[in-house]
Each structure stands twice: as C-alpha cells, then as structure tokens.
Amino acid sequence: MSLHSPNRAALGIALLIAGVFAISINDMFFKQLSGGYPLHEIIFIRSAVALLVLLLVVQMEGGFGILKTNRPWLHVFRGLMIIIANMSFFLALAALPLADATALFFVAPLFITLLSIPLLGEKVGIRRIGAVAIGFLGVIIMQQPWADRASLPASRLVLLLPVLAALTYALTQLMTRKLGVTSKASALSVYIQTAFLAVSVLFGLMVGDGRFADMQEDPALRFLFRAWVWPSFNDWWVMIGMGFNAGFIGYCLSQAYRTADAATLAPFEYVGLPLAVMWGWWVFREVPSWEVWVGMALILGSGLFVFLRERQKSGRVSRILPKQ
C-alpha cells in the first residue's frame, strides 16, 4: 500500500484526532486539579507513570540502546523549552477559561512562520506575513488592552502565559527542524518525561512546603507554589490516568505522523479548539466572551491559511502539537 494512499491518510487522521482528544482531556484534568494541588506534584505523578509506559514502548521498539544519543545538550535544551511551554500553559489554565488558554496557544504555528525568517533564513511571502498579522490581531483582541483589570478573566501576566507557551514551543520546533533529530519518537518522549521529573523534583525541594503560597493572590501563582499534599483516593486515579493518557498521546501522534503526510494531518490539530470550548462549557460552565470568539476565529483562520499556503509552496507544514 502506498504511503500516501487514502486508507493510510484516513488512519493517520483518526490517530491524530484520538491524540488531540486525549490532549483535551489532559488539559481539562489539569485545570480541574489546579485548585487543590501544586503544578509540580501533578507533573511528577503524571510523568512518572508516563515514563514507565514509555520505557515499555522503548523495549518494544529496540531496547534501551535506542536511548543513546550523540546530541545530549540538544535534547536538554529541547526539553527545557518544552517544559517552559507546558508549565506556562498549565499555569494559565489555573486562572483562565480553558478555551481562552487553548486559543492563545494555537498561535504557535504563526510564531514558527515568523521566526523561521531570522532563525532559518526562510523566505515568507506577503500573504503569509499578512495571515500572521491577522492571527496576532486575534491575540490582541483576546488580551483586551482597552479593558480594566476588574473586567479581565485574569491578570495581564496570566493572559500572556499561553503566548509564552506558544513562543517557546515554536522555538523548540525550529530548533528540531534546524539541527535534526534522529531518535525514535519513544526515545524523545522518554527524554522529555525525564526532564519533567527532574524539574518537578527540583520545584518540590525548593517550594514544596508551600511557604510562598500564602503570599500569592493570583490563582496561577498559587498553583505553582502550593504545598505538596497526599492526593485523595479519587485524585490518585485521575493523576495515574493522566500518566497513561500522556503515553497514549505520544503513541497516537507519533503513529499518525508516521502513517500520513504532515501536510494532510496538520489542519486537523485545530480540532483541539472546539474540544476546549466543549470541556470548558460542560465541566466548568465557561462560556467564551465575544472577544474570545473573535480572537479564536482570527487565529484559526490565519493558522489554517498558513498551513495551506506552506503546503502549496513547499510541502512543509508547521505542527502545533503535542503538548507533552
């Protein structure tokens, strides 16, 4: 069967949508747990479970020998960028509606297109530059620069956290594209989950006693500095499930992009936006404001235009996902 046959493309799309759906569940549970646990504790438990799952996958894909690399510092830097991206996004979830944070993160491909000019020396035409400008106009609308603090869903700093997450994720993608990565997807996921474990342990040792939490009024900062607590029975199962879910996400997305062409799959990543709106309404009773709907439409439209234009020009498509 041809690599680009309709059947393989359909399988790739199905795997991608399954992975995006799993990511939306992961984000929903992070937000749900953000009121009672510190971010680094949730990440520690989730990453420990995910690492065990991924090590089993590594064994099936060739054994622990595939974890060897001649570019350790590249993986360290890549891991740090993804950690910043993830922690920024999850901190935003503690204070922002789910749809708001997700829509703002989806400017990542626009950052990739814009930063590819100085970092990779790529030529980007006026149409894509215009699309990027429209997408960032959507970001500005969602930031509501005309509003006072009392009418905003969160502080100005928190509103910028998903944008920081998108920027650092874009830098990760550009670095990977420029330097190249030859490791298997399971090995890359092991490096990332190991980095998450190391950072969460470091945070726990420094601030896990909660001594800084009482100084914070912002829900995002309380999520960061809250003391470690023993999870309830039900929350243990949620966190363990998030770990298995993280392994499922990595498998679905890596298999999707091995099965079908990236240019075919990438637009389907935007399924994450309506899913975020659905979970936000169903679980948290959040209804996006008109600013969010307008911003979401501009970001979605500009991102899809960039995808289609890059596919038309060169066949290279900037991926958005995954958030590990």
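Everything below is about the structure shown above.
The model shown is predicted, which means the values in this text are computed figures rather than measured ones. What you see as residue numbers is a count from 1 along each chain, following the sequence as written. A pLDDT threshold of at least 70 governs which residues receive local features in this predicted model, and a stricter bar of 80 or more applies before side-chain atom pairs are shown or counted, although totals over entire chains, interfaces and linings include all residues. With hydrogens and water stripped out, all remaining heavy atoms of the structure feed into the side-chain values.

1. Points about the overall build of the protein chain
Line of reasoning, step 1. Helix and strand assignments come from DSSP, with helices taken as H or I runs of at least 4 residues and strands as E runs of at least 2, each series counted from the N terminus. Assigned secondary structure in the protein chain consists of 13 helices and zero strands.
Line of reasoning, step 2. Going residue by residue from the N terminus, the α and β elements of the protein chain occur as α-α-α-α-α-α-α-α-α-α-α-α-α.
Line of reasoning, step 3. With the principal axes as the frame, the protein chain shows a C-alpha extent of 55 × 55 × 35 Å.
Line of reasoning, step 4. Under the scheme applied here, a residue whose accessible area is under 20% of the maximum for its type counts as buried, over 50% as exposed, and between as partly exposed, the area being computed with a 1.4 Å probe on protein chains only. Each of the 324 residues in the protein chain was classed as buried or not, and the buried ones make up 55%.
Line of reasoning, step 5. The contact criterion used is simple: two residues touch if any of their non-hydrogen atoms lie within 4.5 Å. Nonlocal contacts in the protein chain, meaning residues at least 24 apart in sequence, comprise 83% of its contacts between residues at least 6 apart.
Line of reasoning, step 6. Per-residue and other accessible areas follow the Shrake-Rupley method at a 1.4 Å probe size, with only the shown protein chains counted as cover for residues. Per element, the accessible surface of the protein chain, about 14700 Å² overall, is 69% carbon and sulfur.
Line of reasoning, step 7. Charge counting treats Lys and Arg as positive and Asp and Glu as negative, with His and both chain ends excluded. Lys charges are placed at NZ, Arg charges at CZ, Asp charges at CG and Glu charges at CD. Charged side chains of the protein chain number 25 positive and 16 negative; the gap between the two group centres comes to 13 Å.

2. Some words on the pattern of salt bridges
Line of reasoning, step 1. By convention in these notes, a salt bridge is any Lys or Arg side-chain nitrogen within 4 Å of a carboxyl oxygen on Asp or Glu. Within the structure shown, the criterion is met by two salt bridges.
Line of reasoning, step 2. Across the salt bridge formed by Glu286 and Lys31, the nearest N and O atoms sit 3.4 Å from each other. Linking Glu286 in the loop between helix H12 (272–284) and helix H13 (290–313) with Lys31 in helix H1 (residues 6–33), this pair joins segments that are 255 residues apart in sequence.
Line of reasoning, step 3. Note that Asp209 and Arg211 form a salt bridge whose closest N and O atoms lie 2.9 Å from each other.
Line of reasoning, step 4. Using a relative accessible area of 44% as the deciding quantity, one classes Arg211 as partly exposed.

3. Details of helix H5 (residues 108–120)
Line of reasoning, step 1. The bend reported for a residue corresponds to the angle between axes fitted to the seven residues ending at that residue and the seven starting there. Residue Leu114 marks the point of greatest curvature in H5, where the axis turns by about 30°; the proline Pro118 follows within four residues.
Line of reasoning, step 2. When H5 is considered as a whole, its buried residues turn out to be Ala108, Pro109, Leu110, Phe111, Ile112, Thr113, Leu115 and Ser116.
Line of reasoning, step 3. Note on H5: the residue one or two positions beyond its end, Gly121, has a positive phi of about 70°.

4. Points about the environment of Val201
Line of reasoning, step 1. For Val201, the location among the structural elements is in helix H8 (residues 185–207).
Line of reasoning, step 2. Spatially, the C-alpha atom of Val201 lies 7.5 Å from that of His40, the residues being 161 residues apart in sequence.

5. Let's talk about unusual backbone geometry
Line of reasoning, step 1. Positive phi, normally seen in glycine, also occurs at Gln144, with a value near 50°.
Line of reasoning, step 2. With respect to the helices and strands, Gln144 occurs in the loop between helix H6 (126–143) and helix H7 (156–179).
Line of reasoning, step 3. The backbone of Arg285 sits at a positive phi, close to 55°, despite the residue not being glycine.
Line of reasoning, step 4. Checked against the element boundaries, Arg285 lands in the loop between H12 and H13.

6. Details of the nonpolar core
Line of reasoning, step 1. We define a nonpolar core as any set of buried Ala, Val, Leu, Ile, Met, Phe, Trp, Tyr and Cys residues linked to one another through side-chain atoms lying within 4.5 Å. Counting 87 residues, the largest nonpolar core has Phe30, Leu39 and Ile42 as the members making the most contacts within it.
Line of reasoning, step 2. Considering each element in turn, this core owes the most residues, 10 residues, to H1.
Line of reasoning, step 3. Beyond its immediate stretch of four places on either side in the chain, Leu39 contacts Phe30, Met87, Phe90, Leu91 and Phe223.

7. What about a nonpolar patch on the surface?
Line of reasoning, step 1. Residues form patches when they are more than 30% accessible in relative terms and have no salt bridge. Like charges link within 9 Å. Nonpolar side chains (Val, Leu, Ile, Met, Phe, Trp, Tyr) link within 5 Å. A cluster of nonpolar side chains, contributed by Phe21, Met278, Trp281, Trp282, Val283 and Val287, occupies part of the molecular surface with about 600 Å² of accessible area.
Line of reasoning, step 2. When residues of the nonpolar patch are assigned to their parent elements, the largest contribution, four residues, is made by H12.
Line of reasoning, step 3. Tracing the sequence through the fold places Met278 in helix H12.
Line of reasoning, step 4. Owing to a relative accessible area of 32%, Met278 belongs among the partly exposed residues under this scheme.

8. A short note on the environment of Ala187
Line of reasoning, step 1. Note that Ala187 resides in helix H8.
Line of reasoning, step 2. Between the C-alpha atoms of Ala187 and Ser47, which are 140 residues apart in sequence, the distance is 14 Å.
Line of reasoning, step 3. Non-local contacts of Ala187, meaning those with residues more than four positions away in its chain, are made with Val58, Ile66 and Leu67.

9. With respect to the environment of Asp27
Line of reasoning, step 1. Here Asp27 lies in helix H1.
Line of reasoning, step 2. A residue is classified by how much of its surface remains accessible, and Asp27, at 4% relative accessible area, is buried.
Line of reasoning, step 3. In this structure, the C-alpha to C-alpha distance between Asp27 and Ala256, residues 229 residues apart in sequence, is 21 Å.

10. Section: the packing of helix H2 (residues 39–60) against helix H3 (residues 72–93)
Line of reasoning, step 1. To obtain each axis, a line is fitted to C-alpha atoms, and for helices this fit is confined to the stretch in contact; angles are then taken between N-to-C directions over 0 to 180 degrees. The N-to-C vectors of H2 and H3 enclose an angle of 125°; their axes lie 11 Å apart at closest approach. Comparing their axes, H3 and H2 come out oblique. Note that H2 runs across H3; the crossing there is right-handed. Packed against H2, whose contacting residues are Leu39, Ile43 and Arg46, the element H3 presents Met87, Phe90 and Leu91 at the interface. Roughly parallel means an angle under 35 degrees; roughly antiparallel means over 145; roughly perpendicular covers 65 to 115; every other angle is labelled oblique. Crossing handedness is read from the near helix: turned anticlockwise from the far helix by less than a right angle, it gives a left-handed crossing, and turned clockwise, a right-handed one.

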